[in-house]
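So the chains spell out like this:
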Amino acid sequence: MKQLYIKQKVFSLSGKFTVKDHQEKDVYYVEGSFMQIPKTFSIMNTTRDKVALVTKKVFSFLPKFFVEVNGREVLTIKKEFSFFKARYTIDGAGIEVHGNWWDMDFQVLKHGEVVGKVSKEWFTWGDSYKVQILDQEMETIIIALVVAIDCVKADQSAASSAPTT
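What counts and what doesn't
- Residues numbered from 1 in each chain as written.
- Predicted model: local features only at pLDDT ≥ 70, side-chain atom pairs only at ≥ 80, totals over all residues.
- Heavy atoms only, no water.
- Helix = DSSP H or I, 4+ residues; strand = E, 2+ residues; numbered from the N terminus.
- Buried < 20%, exposed > 50% of the residue type's maximum accessible area, 1.4 Å probe, protein only.
- Polar contact = N/O pair within 3.5 Å; in protein donor to acceptor, adjacent residues only side chain to side chain.
- Contact = heavy atoms within 4.5 Å.
- Phe/Tyr/Trp six-rings, centres within 6.5 Å; stacked < 30°, edge-to-face > 60°.
- Lys NZ or Arg CZ within 6 Å of the ring centre and 35° of its normal.

Draft legend 1. Looking closely at the side chain of glutamine 132. Here glutamine 132 is to be found in strand β12 (residues 128–133). Look at glutamine 132 and you get buried, because its relative accessible area is 15%. At a separation of 3.2 Å, a polar atom in the side chain of glutamine 132 contacts the side chain of glutamine 3. In this structure glutamine 132 touches Met1, Lys2, Gln3, Val115, Gly116 and Lys117, once residues within four positions along its chain are discounted.

Draft legend 2. Inspection of the packing of aromatic side chains at higher detail. Within the structure shown, the criterion is met by zero aromatic pairs. The ring of tyrosine 29 carries the charged tip of arginine 48 above its face, separated from the ring centre by 3.7 Å.

Draft legend 3. Focus on unusual backbone geometry. A positive phi angle, near 55°, is found at methionine 104, a position not held by glycine. Relative to the helices and strands, methionine 104 resides in the loop between β9 (95–100) and β10 (105–110). Among the residues examined, methionine 104 registers a relative accessible area of 0% and is labelled buried. Phi is positive for histidine 111, close to 50°, though the residue is something other than glycine. Following the sequence through the fold, histidine 111 ends up in the loop between β10 and β11 (113–120). Look at histidine 111 and you get exposed, because its relative accessible area is 65%.

Written out as structure tokens, the structure reads:
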């Protein structure tokens, strides 16, 4: 089992942060597009090759995010119409999320088998997540999924704090 840690920089306007291993070495670099439409997050490996991309769809009635890994779309996260609490669904090739993904405490399953676990690290400066990879082949997809969910949460938070007219 491999453990990775995502610590988002609190005051970074562009959304730059790294994914580190248990020895605090950088494994992935994540860079968000700043003031750009559509909003994207590029995930790069240690040689700065892009391995995944998270894109927020523009001009959609309800928010929708696409996750690409190695140039192939693997997941879609979309908001469902709801009058009360925000509800999102994740559509992807046999990938499911069980648990409380809104609080970043969930398991990632592929065809019913647990391939990764995500939990929020408490008492840290900013948001920090521990990601356990149980299936090495799913590592990039799981990292991209965590970045996408964090993007969805940030988008929802911004929308709920926007002034109403």
